[in-house]
Every structure is written in structure tokens, then in C-alpha cells.
Amino acid sequence: MNFLSIFVLIPLLMLLGLWLVKDQKGIRSVMVIGSTGLLILSVALTVLFLQERAVDPTSPMLFTASFDWIAPLHIKYSVGVDGISVAMLLLSSIIVFTGTFVSWNMNKEYFLWFTLLSAGVFGFFISIDMFAMFMFYEVALIPMYLLIGVWGTGPKEYAAMKLTLMLMGGSAFLMCGIFGIFYGAGGQTMNIIDIANQLNGAHVIDLAQQHIWFPLTFAGFGVLGALFPFHTWSPDGHASAPTAVSMLHAGVLMKLGGYGCFRIAMYLMPQAAQDLGWIFLILTGISVVYGAFSACVQTDLKYINAYSSVSHCGLVLFGILMINQVAATGAVLQMLSHGLTTALFFALIGMIYGRTHTRDIREMTGLMRIMPFLSVCYVIAGLANLGLPGFSGFVAEMTIFVGSFAQADTFHRVLTIAACTSIVVTAVYILRLVGKILYGVCTDEHHLKLSDATWEERFAVICLIFCIAGLGTAPFWISNLIDGGVAPIISNITKFTADASLNPFM
Amino acid sequence: MDYSLSSLDYSQFLNMREELSLMLVILLVFVADLFLCKEPKDGESLSAQKKSPIAWVTLTLFTVHTLINLLPCLNGSMDTISAFGGMYQHTAMMTVVKSVLNVGTLVVFLMAGGWLNREENRVKRGEFYTITLFTLLGMYFMISSGHFLMFFIGLEMASVPMAALVAFDKYRYESAEAGAKFVLLAIFSSGLLLYGISLIYGATGTLYFERLRLAFSADSLINLIGLTFFLTGMGFKISLVPFHLWTADTYQGAPTVVTSYLSVISKGSAAFVLFTVLVKAFGADDLAVEWNRALFWIIIVTITVANLFAIQQQNLKRFMAFSAISQAGYLVLGIMGGTAQGQTALVYYLLVYMAANLGAFAVINVIEQQSGKIRIDDYDGLYNTNPKLSFLMTLCLFSLAGIPPFAGMFSKFFIFMAAFNAGYPWLVLIALINTVLSLYYYLLIVKAMYIKTNASPIATFRSDNGTRAALVICTLGVVLFGIMGVCYSYIDSLSIL
């Protein structure tokens, strides 16, 4: 058994533990021990990975292992990590860890589904076999239904159903795409690396096939990555979900989409990615700008953040579709940065909502005096979100736009400039929001009596701020890590040149 | 092969191991029932009478039968057998299918306890077991047939006693009505099937599958008409759209235990037989094009219509009827192209579907027996009163909808993969989009159980031991059949065409 599998094993043991314990104290200790274990494991993995990478700089995946699973169909349980997945595992364990503290008072069933969800997420990031990836992907999706439906707020039944059906619709396309890739590449292996390396690097999937399966696969993952026009589940879902679930969903789950698009759709069908990437580039461009403008007109704190997520996750897909090293590295950095920032945002919104029992910004004002700790953190989260230097958002967005601008043709330039406007719009809605709810004089008598954050809330928030600031001030070590993971994928795609006749805008 | 009668050798009966063993079980149960079930004496009420141990006798005998015939490598029938001049054909794969049916029947027997112990059914317990086993025997013969006559006898043997089962609650108006509907449509479809078979005989002069394959092609109209009638007749049995109209009413009216038997055992065996006959008897290349084309549209219509109707149902048994129709559509996907991979996927799908569907029915049945409630909105808030039952129901529904890590996702993946590999990617895409529709209505029940609240929820109760055992078997199946890749690999190692 490869040690990567421990990432799935720990959540499974946590499930068992949760099932056995009786009281709230037991539940908390299981969750804290388990999520701390995951955090330690992912930090240890990062260190080990950096050491191993220094020794072996060439192989695309490290710590690989493979076991026969369903032999007649060439399905294996294969694990392995590269720089991107290490970064994603680190992010996931941070979010699960802080999510545990944020949902301190929830009951046993909630934590059962929450842990199942995280098992799916970790499994997805360590797998390099398409079947195993797909399985873990769906394992991560379905607990959302009950988490939102049972513990959510507002129109939760509608939101839960909409979210589940749209994401499952995406995975229906995805499954078809996986069949296309598997049989297109000869039907001999489900392993991503093996497919990519077939015939010494020349892809074997027929071009006509690629042109059919690439859009399906990309759109399938894109639904989860909030690709316009498939993003509509995201605002409703996030707004209705309980706090820690919003954190995990926006922070980690939406990254599954971008990761899958990059790792499966583009990596395995490079020619189609070059030929047809422009369609999705336009769609993500719309996501970025549309998300930012939509956030401006919302009055619900969670809706504002959800649309902001659409905009920022759009930048992830935007970065990878630019198909160059710098932009793709930026995109992965953006996954990390957005994951941490949004998680922080949702955590704070949950804490504020837990006190004021409203998320309507028109009903809140002057919170800075009442709950100074939460308010200051909220300002920090806002500044990180709008990309202030020193926080992670700046590093990520800067890298994406620098990389995008390197594409010298008019089509890419125009899209890049359009996407850049989102930075300005983000500043508008964040600063207005902060000014509206935090400053001024509070007139609501009920609000005046509210208390500030408890210790576990403070702990979770400080952890996240620490990570965001760390990523923003010292991005080099993590960007080196990511850079090494992105390079083989990008070089695999840039071996092919786009067929310009397929793009009417070139 | 020598087809002359003089070669009949009575030792050939020994080739029919599974059938002989089941026949023995039936006879023993029949005789045991004769002696164990006593008429109530004068003045003695039925409920005061001591329970006859017939249920234990049947369960023990049938469990033994199931275990010794569980795997072809255990009962020594790994070889392909052809007996009685080719009338009876047997492959190792058929043993697996029969095992799936056996386990399914065992689960049905286990969950039937509560229903059979009701006062009005108590005297009929022995009959229930014998009749059910007779239909099972019919399916055995149908599966192992190598000749249309044998096939037809098996089919009738499976469907005529079934009508008696459907009308088993004869004091209930709906059950009698369902029985009448079932028998009329079964006879009608048998008529169509027979007409098709007679046309085929007229065109070729033989009814042996192997000879038909050589003699039969798509070049004459009469052959195509024969094939059409055959497909129509089988469509009724598997309840494919547009031949599904009897299904919802029959499923609703029949006792829940019988409904579960109908929806899994009867349907599954018919689907497997359809595969065998199409590949064996109609396997000529130009003919295969024709039936693939027909099945292509039948599958699309079946899945879509069934899903759209299922969404609107309020009665759980009607709901499960439409769910079963759409599942039949997925099952038939394995037939497309008639490949070995498709055969494996079909049998595996059947195995998983058996566990998941019977699990869901076990919960529905026990709740109906305890509270008489059968509507979806009766299930509101079930999680608060009966958390374990709701949880198991959720597992089974997730498996039916194809959510991992439960087995349903594996079986769906494999059957879609087989159809994709056989050259029908767009059909797979349509079926996949339909799985989202089906997820919607399965989630409606999950929503009722977990999210909705109810002023008068179903009271907390303890299920009977039989149901518990049935649920344990089904849950183990739902959880393990998928994760353990060895199940699929084993079935695959037996698939031959």
C-alpha cells in the first residue's frame, strides 16, 4: 500500500470513529485528530515531494503505485502526485482542518457527510487513473445534497437539488468523455500518464474523436469550475449551504473542476485543446466579468461572495486555457489563493450570520465596534480578495495576466484586457461592502448586544489569514512546486499548434 | 451434432444439475407443506394455530440449493454442455445468472415472512413458496434453452404461475385486478411471441438456435416480421416501452413481495435470455444490424419515458415500477452489439440491480406491513423515527441512481462502457443524461426521508428478522459488489458467446 492512500484511509477511519462515538466531545476529538492528521500528512508530503523532486526532476508523477482493480477493463487503482496535486492536497487539508473548527457545534450526521466529502476530494487529487478519479469525483459531489438540504438555510431544498443535478449532469458528459479518451487511445489503459506518454508522446487519439470528446470533457469538469453558462448552481448552492460546507465547496470542490479540465481534458487531448480552447476561453472571459458585475448588485453577503467565486474561478480556467507556462502556473496559484480567501470569507460570513441572523447588507451597519475581531478579519479577507499586494490574490492574478498577455495575438489580448477589468469591479464591490456593513453607526439594538468571536472561530480564521499572507509574501517556494507540475502538461500541449481556421476570431 | 431421437440417453438428465436440484427442493417443499400445514380444528381460530415450520424448511432447502450452485467452479459445471440434441444448452455464465436469480429469490423469501404471517395468508404460505419456485424453474429452462420450443415452455412456466402470485392477495380488489391484467397481457404477448416463432419456423424449417443462425438472414420480409414479433413479445416480458403499459398497474396491485420478485428476477432473466437468443439465433450479420437498430430506439424511448413518468408518481410501488422500466432500459444497453463485454456487463448489472432494488423493496415492504403506508409523502421525516431503515433505503437508492462508492455506479459505468465500445456513443450519452433525470426522482425520496418534516410520521418499529437478514444481504451487495473488482473479473472470465 502506497502511503498516498492514507489520505483516503484517514477520512474512512474518521467515518468509523464518528459512527462509534456517542457525545459531542467524542465527535469533536475524532474530527480534530483526523483533520490534524491530514494536515500533518500533507505538510509531510510536501517536504518529501520537494526532496524527491530534487533527486528525480524528470518523471511526471512521484510516489506512484498501481494495483489491479477491474482487470478485464484495464481499470487500476493508481496513485501518484505531481506539484499541482501536492498543492491541492495541502489546500484541501487546510480547509478541512479549519472547516472542522468553524462547524464546532454541528451534530454527528453532519460530520459523517462532511468527512465523506473530504474523502472524495483527497481521493480525487491522489488518483491518476481516470476511473478512480471519476469515482472519487462523484463521491465528493453527492454528500452536498444532504449537507445543503438538511443543514442549509433559505431555499435549501431547491438549491440542493439544483446543485446536485447540474453537477451530476456535468459528470454525465464527463463519463462519456472518459469513454471517448479510453477507447480513442486504444482501450488499453485508464492511466492518465500512460495515455499521455503513448507512442513516445505523440497522442494517439484520432483528431476527429478529440474534437468530439474535448468539449464534452471540458464542459463536464467546467460545470464544477463554474464555467459560464453552467455556473448557476453556484450562487444558490453556496448561499444555502452551511458555513463549513460553503468553505469546502468553494474552497476545494470548485478546484476539482479546474484541475480536471487541465489534467484530463487538455492534457490528454492536446490538439483539440489548441483547436477548440477559444470557445471555452470566451466563456470563461464572460464568467470572469459577469461574475464580478453580478456581485456588485447583490444584497446578500453569501451571494456576493458566490458571484465573486464565479469570477475568480473563471480566472482559473482562463489561465489554463491560455496554454502557456506562466499563465497556467498562475491559474494553479489562483486555485490555492481563491480556495483560501473564499474559505475565509465564507467562514466570516457564517460567523456574522450566526450572530446577526441576517445576511442582508441593508440591515447591517457599524459592526466594527460590536465585533472588532471578525470585522478586522473581514477587511483583511476583502483586501486579499481584491488582490492587494502582500496577499495571495495579487500573486496569482498578476501571474495569470502576465502569462495571458504573452499571447501576442489580438484575440487573446482583447480577452485579457476584458478580464483585467474584473479587478477593478472586484475592488468596487468589496470596498462598498466593507464600508456599508462594518463602518458607520449601528442603530439596531439587537446587534449592539452581540459578542465577538469564540476561541475556535478565532483559531480557524487566524489559520486561514496566516496561509493567505504566507502565500502572498513568500510565493516562490510554492510556485516552484507548481511550476514543475505544470511544465510537462504545458509542453505536451504546446507540441501541437492550433488550427487557426477553426477560430473565427483569429 | 446428431439430432436423431435414437440418441436419447437418460443419463443426459444429469447434465441439468441446477434444474434437478431445484426440482428436488420444490418436491420436498411440496411434500413438507402437505404434512406440516394442518387444517384448523372446529372452533380453533387461525391465529391461535401454531405456526407451521414450512418457512424454515423452504429457506433451509433453498439456501442449500443456492450455495451448492453458487459458482460454476463449485458445482462443476464449468464446461459448455449441450444435451438432448441441443435442446438444452448450458454455459458457465448461465450458472452465474441462475445464482443471481437464486440469491434474489432467497432475499424475496426472507422479506416475505411478515406478509405471509398475516392471518389471511397463513394457510397459503406453502403455496407461495412452491409457486415462486416453479416460476424460477421456468426461468432456468428459459435461460438454458437451445430451441424455441424449450424457450417457450420455460417462458410460460415462468409467467402463468406468476399470475397466481400477482393475485395472491385475492381479498384485495387491486391484487385481483392486477392478476387479471397480468394474465391477459402475458397471454397476449405469448401469442405474439408464438406467432413470431411460427413465422421463423415457416421460413427456415428449424427451431434450433444454432441452425437458425445459419439459415436465417434479413433478406426476406417474413424473417424480419418474425424477428419483430419475437422482440415485441420479449418487450412485454421485460416491460420495455412501448410494451410497458401493464407494468405500473400490476406492480401497484400485486403484493409488494411479488412486485419485487417481478421487478428483479422475472425481468432480469428475460433480459439475459433476450441477449442469448438474439446472439445465438439471430446472430447473422445483416440481421444483427436490424435488431440493433430496433433496440437503439427502444432503449432511448424506454429510458426517457420511464424517467419522465417516474417523476410524477406518488405511490411508491408505481414509482418503483417506472424506475424498474428505466433500469430495464439500461440493462438492455448491454445487449447492443451482442459483444462478450456486453454480456459480462449485463450479468454484472443484473447482480447489482438485484441487490439494490430488492433492498429498496425490503424497506418499502416492511413499512407497508407495519404501517400500511405506501405514498412518498408518507415517508416524510422517516429519518427521525427510523434512521436505520432510511439509511439503508438511501444506500439502495443511491446505488440505483449510480452514485459511488456503491455498486450501482460501477455497473452503470461498465454497461455504458460496453455499449460505447460496441459503437453506440450517442446512445450512451442519451442514457447518461437520463441518469441525471433518474437521480432527480431518487433524490425526491431521500429528500422526503431526511429533509421534510411530517406531523404524523411513521412510528418507530423494529423490523422482523427475515427483513433484517434480507437487508443485510442487499446492503453487503450494494457496498461490496462494486469495490471488489473481483466480481466483475470473475463474471468476465466466464463470458463466451
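Predicted, not measured: the structure shown is a model, and the values here were computed from it.

1. Remarks on the overall build of chain B
Then comes step 1: In terms of regular secondary structure, chain B is built from 20 helices and 2 strands.
Then comes step 2: For 497 residues, the compact-globule estimate of 2.2 N^0.38 gives 23 Å, and chain B sits close to it at 22 Å.
Then comes step 3: Over its C-alpha atoms, taken along the principal directions, chain B stretches across nearly 65 × 55 × 40 Å.
Then comes step 4: Across the 497 residues that make up chain B, the buried fraction comes to 63%.
Then comes step 5: Relative to all contacts within chain B whose residues are 6 or more apart in sequence, the contacts with residues 24 or more apart total 81%.

2. Quick notes on the pattern of salt bridges
In a structure, side chains of opposite charge can pair up when their charged atoms sit close to one another.
Then comes step 1: In the structure shown here, the tally under the stated rule is 17 salt bridges over all chains.
Then comes step 2: In this structure, Glu157(A) engages Lys447(B) in a salt bridge whose closest nitrogen and oxygen atoms are separated by 3.6 Å. On the criterion of chain membership, the pair formed by Glu157(A) in helix H7 (residues 156-184) and Lys447(B) in helix H18 (residues 425-450) is interchain, its members lying in two chains.
Then comes step 3: A relative accessible area of 27% places Glu157(A) in the partly exposed class.
Then comes step 4: A relative accessible area of 15% places Lys447(B) in the buried class.
Then comes step 5: Three or more residues are tied together by salt bridges with common partners; here these are Glu177(B), Lys181(B), Asp249(B) and Arg318(B).

3. Looking at a nonpolar patch on the surface
Then comes step 1: A surface patch of nonpolar side chains, about 700 Å² in accessible area, is lined by Ile6(A), Leu9(A), Leu12(A), Leu13(A), Leu16(A), Trp19(A) and Leu20(A).
Then comes step 2: Relative to the helices and strands, Leu9(A) is located in helix H1 (residues 6-20).

4. Quick look at the environment of His211(A)
Residue and element names in this part refer to chain A.
Then comes step 1: Along the chain, the position of histidine 211 falls in helix H9 (residues 207-224).
Then comes step 2: For histidine 211, a relative accessible area of 25% gives the class partly exposed.
Then comes step 3: Apart from the residues lying within four places of it in its own chain, the contact partners of histidine 211 are Ala272, Asp275, Leu276 and Leu502.
Then comes step 4: A polar contact of 2.8 Å, which involves the side chain of histidine 211, links it to the side chain of aspartate 275.

5. Section: the packing of helix H5 (residues 125-143) of chain B against helix H6 (residues 148-166) of chain B
Residues and elements named next belong to chain B.
Then comes step 1: Where H5 contacts H6, the two axes come as close as 7 Å, and the packing angle between them is 160 degrees. Taken together, the axes of H5 and H6 lie roughly antiparallel to each other. Crossing geometry of H5 relative to H6 is assigned as left-handed. Facing Phe128, Ile131, Thr132, Phe134, Thr135, Leu137, Gly138, Met139, Phe141 and Met142 of H5, the residues of H6 in contact are Met150, Phe151, Gly154, Leu155, Met157, Ala158, Pro161, Met162, Ala164 and Leu165.
Then comes step 2: Grouping the constituent residues of the contact of H5 with H6 by class yields 16 nonpolar, 4 polar and no charged.

6. Let's talk about the side chain of Thr467(B)
Then comes step 1: You can see Thr467(B) is positioned in helix H19 (residues 465-483).
Then comes step 2: Setting aside anything within four residues of it in sequence, one finds Thr467(B) in contact with Leu110(B), Met111(B), Ala362(B) and Val366(B).

Thresholds applied
- Residues numbered from 1 in each chain as written.
- Chains lettered and ligands numbered in written order.
- Predicted model: local features only at pLDDT ≥ 70, side-chain atom pairs only at ≥ 80, totals over all residues.
- Heavy atoms only, no water.
- Helix = DSSP H or I, 4+ residues; strand = E, 2+ residues; numbered from the N terminus.
- Rg over C-alpha atoms; globule rule 2.2 N^0.38 Å.
- Buried < 20%, exposed > 50% of the residue type's maximum accessible area, 1.4 Å probe, protein only.
- Contact = heavy atoms within 4.5 Å.
- Salt bridge = Lys/Arg side-chain N within 4 Å of Asp/Glu carboxyl O.
- Patch = residues over 30% accessible without salt bridge, like charges linked within 9 Å, V, L, I, M, F, W, Y side chains within 5 Å.
- Areas by Shrake-Rupley, 256 points an atom, 1.4 Å probe, with all protein chains shown as cover.
- Polar contact = N/O pair within 3.5 Å; in protein donor to acceptor, adjacent residues only side chain to side chain.
- Axes fitted to C-alpha atoms, helices over the stretch in contact; angles between N-to-C directions.
- Parallel < 35°, antiparallel > 145°, perpendicular 65-115°, else oblique.
- Left-handed = near helix turned anticlockwise from the far one by under 90°.
- Nonpolar A, V, L, I, M, F, W, Y, C, P; charged D, E, K, R; others polar.

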